[in-house]
Structures are given as C-alpha cells and as structure tokens.
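# A structural walkthrough
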Amino acid sequence: MSFTYFPLVVLFAAALAFGLVPLSLAWTWARFFSPRKPNAVKNSIYECGLVSKGDAWVRFRSAYYLYAIIFLIFDVEAVFLMPFAVAFTGLSMAACAAMLVFVLLLVEGLAWAWAKGILTWA
Amino acid sequence: MAIDQELKIEMGKQGVVVTTLQELYNWGRKSSVWPMQFGLACCAIEMIATTMARYDLARFGAEVFRPSPRQADLMIISGTVTKKMAPQVVRLYNQMGEPRYVIAMGACAISGGPFKQGYNVLKGIDRYIPVDVHIPGCPPRPEALLQAFITLQNKIQAQPLTGPNRPRHLDAEAQGEFPVPVQGEHDLEPTSNPGVWTVPVVIR
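In this text the structure is predicted, and so the values were computed from the model without any measurement. (Residues numbered from 1 in each chain as written. Chains lettered and ligands numbered in written order. Predicted model: local features only at pLDDT ≥ 70, side-chain atom pairs only at ≥ 80, totals over all residues.)

In this section: the interface of chain A and chain B. The partner chain B presents 14 residues to the nine residues of chain A that form the contact. A class-by-class count of the residues in the side of chain A that touches chain B yields four nonpolar, two polar and three charged. (Contact = placed C-beta atoms within 7 Å. Nonpolar A, V, L, I, M, F, W, Y, C, P; charged D, E, K, R; others polar.)

What follows is the structure, encoded as structure tokens:
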C-alpha cells in the first residue's frame, strides 16, 4: 500500500538531481579551478561599454495611477466580456444581470475618468 | 611533456591516440571561442555575412555571438574606431572574461584606414588593447575573417600552459585591466597605452 507512489518519489529525486548536479558541478568548477582576474571595470554592473549614471530606483509620479485605472477598466472588461459573449445564449437572467452590473461599474469608472478630463491629452 | 610527432602519427595509424593534457585543454579552448556581438562599422556587415549560412563560422565553434562581454572570449573590432567610441571599446574589453582575444578587422581597426588623417578616428585599436590577429582589407571578405579566426585558433592551440608565454588567465601577475582613455580637450588621454603599444620613432 505504502509503496504505490514510490516510483514517483524516485522520479522526483531523479528530476531534482538532473537539474542540480550540472549546476553544482559548474559551481564547483568555477569555485576551485576557474582562473580569476577581477578588476574594477569588470566588476561594474552595467555591461554596455558606458559608465552608468544615476540610480536605478527612480520614483514614478503618483499621478500615473489614473492610467493604471483606465488600463484596468478596458483590460479587465475585455477579459470578462469574452467568455460572457461566448456563453451569452445559455446564460440565466441572474448571470446576465450580474454581468451587466459589473460592466456598469466599469463604465462608471470610465465616466468618472472622462469627467475628470484624463482622456484629454495635455 | 612533448611527444615525438612522427611517433604520434605512427601510433595513430595503428589506432592508438596519444595526447597531452595541454593539447586537450587547448583543443577545448580553441573549439569554443565565443565572439562578442559587437559591430562598429561597415566591416560588421562582412562579419555578419561570415556567421551566416554561406560562410558559416559555426563550423569552427564560434557561432554563438554573445551580446554580453561577460560571456564572450573574442572581440572582433569590425570597423572604424572613432575617438568617441574607443573608451567604450576598451571598457568592453576590460569586462570580458579571461582568456580574451582580439581580432582587428579591416584597415580602420588596424590603422585608421582611409580615415587615418581624420581628427576623430583612432589610428588603430592596438594603441589601447593587445590585438592577436590583424586582417587587412577594406572591408576584408568573409574568407579573410575565417582565415583570421583559424590563425587565432592555431595561436590558441600552440599556447603553452606553463612558462613565460602562458595564457594570461593562468598568469596571476599578468595585467587584467587596461586603462580606459578619457576624452581630453583635443584628444583622448592618454593617446596610447605604453604597456601595449610603443610610439614608433620616425627617422627622417
């Protein structure tokens, strides 16, 4: 009884070893045999020939949340409208109403954004 | 330990293969030289042609052009090195892992070529980094690049692993960083790396 899944355990161990053994061999080789010749330029992070300027941790303006909302409205709506349209003929009244409420909620967000003037590009 | 070449060939005919660790090591090194994906000017077009199906650089184990200097062994200076670009070339060379090799491809890379008199062109990349193989031509045909590559392979194969001529990665004392020139008021500073290149004396 307890040996039913034993082949799976063996396979799992083999799969792990298949991934880990070459990695550890490569690591061992690099650790003990590979010649090292580091220098300041080689150890720098950016590798396109130019000296990096500034910081990678730039701050984005919080005003971008508006674009995130607009994106959400159209993207999420499309994701849900597709199965809705496919299954439309077989849907019950309640499901239809729920979907309409959902769409209306998103349209409300769009109307709000529109009224706020976000859709007009400066 | 050296093997008598005639004895080696004779034994090979009998089906006995004899080799040395050095030969095996160098055979592995020369058969997997990965060039850097790095084109500077018109010679780069010939370099691209060399990697494609007609000339097929892959036959020599060099088909993987790495877009990162960390993974590349060979830098093909394919074209005009402007003074604006030279610091970047030297910096990329410094970022390559040892052992690293350089092929200067075409007239511009080896001497400045037709733009030698220009104010903005470096008169040969060997002023800053050690070049292993120079190829003349404007631009050199893909066959010339193949020839240069085979020359480089022969050079790698012949490198002894011990002694004063051993490859740089096995020599703890060897120079690993080459100074990156900076843009000066009129020219790059310094104008050449004296450890690599000596200014020729003009005798009139």
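With that settled, the discussion passes to the confidence of the model for chain B. Looking at chain B as a whole, its pLDDT mean stands at 90, while 99% of the residues score no less than 70. Here the prediction assigns the complex a pTM of 0.75, and the interface score ipTM is 0.73. (pLDDT = per-residue confidence, 0-100.)

On to the pairing of strand β1 (residues 74–78) of chain B. Residues and elements named next belong to chain B. Most of β1 is tucked away: five of the five residues are buried. Because side chains alternate across β1, one face comprises the buried residues Leu74, Ile76 and Ser78, and the other comprises Met75 and Ile77, equally buried. Where β1 and strand β2 (residues 101–105) come together, five bridges link them in parallel fashion. Note on β2: the bridge partner recorded for Ser78 is Met105. (Buried ≥ 20, exposed ≤ 12 C-beta atoms within 10 Å, placed from the backbone. Helix = DSSP H or I, 4+ residues; strand = E, 2+ residues; numbered from the N terminus. Pairing = 2+ DSSP bridges.)

The terminal C-alpha atoms of helix α1 (residues 6–32) of chain A, which comprises 27 residues, lie 37 Å apart, in line with the 39 Å expected from a rise of 1.5 Å per residue. Counted residue by residue, α1(A) has zero buried out of 27 residues, so it is predominantly exposed. (Expected span 1.5 Å × (residues − 1).)

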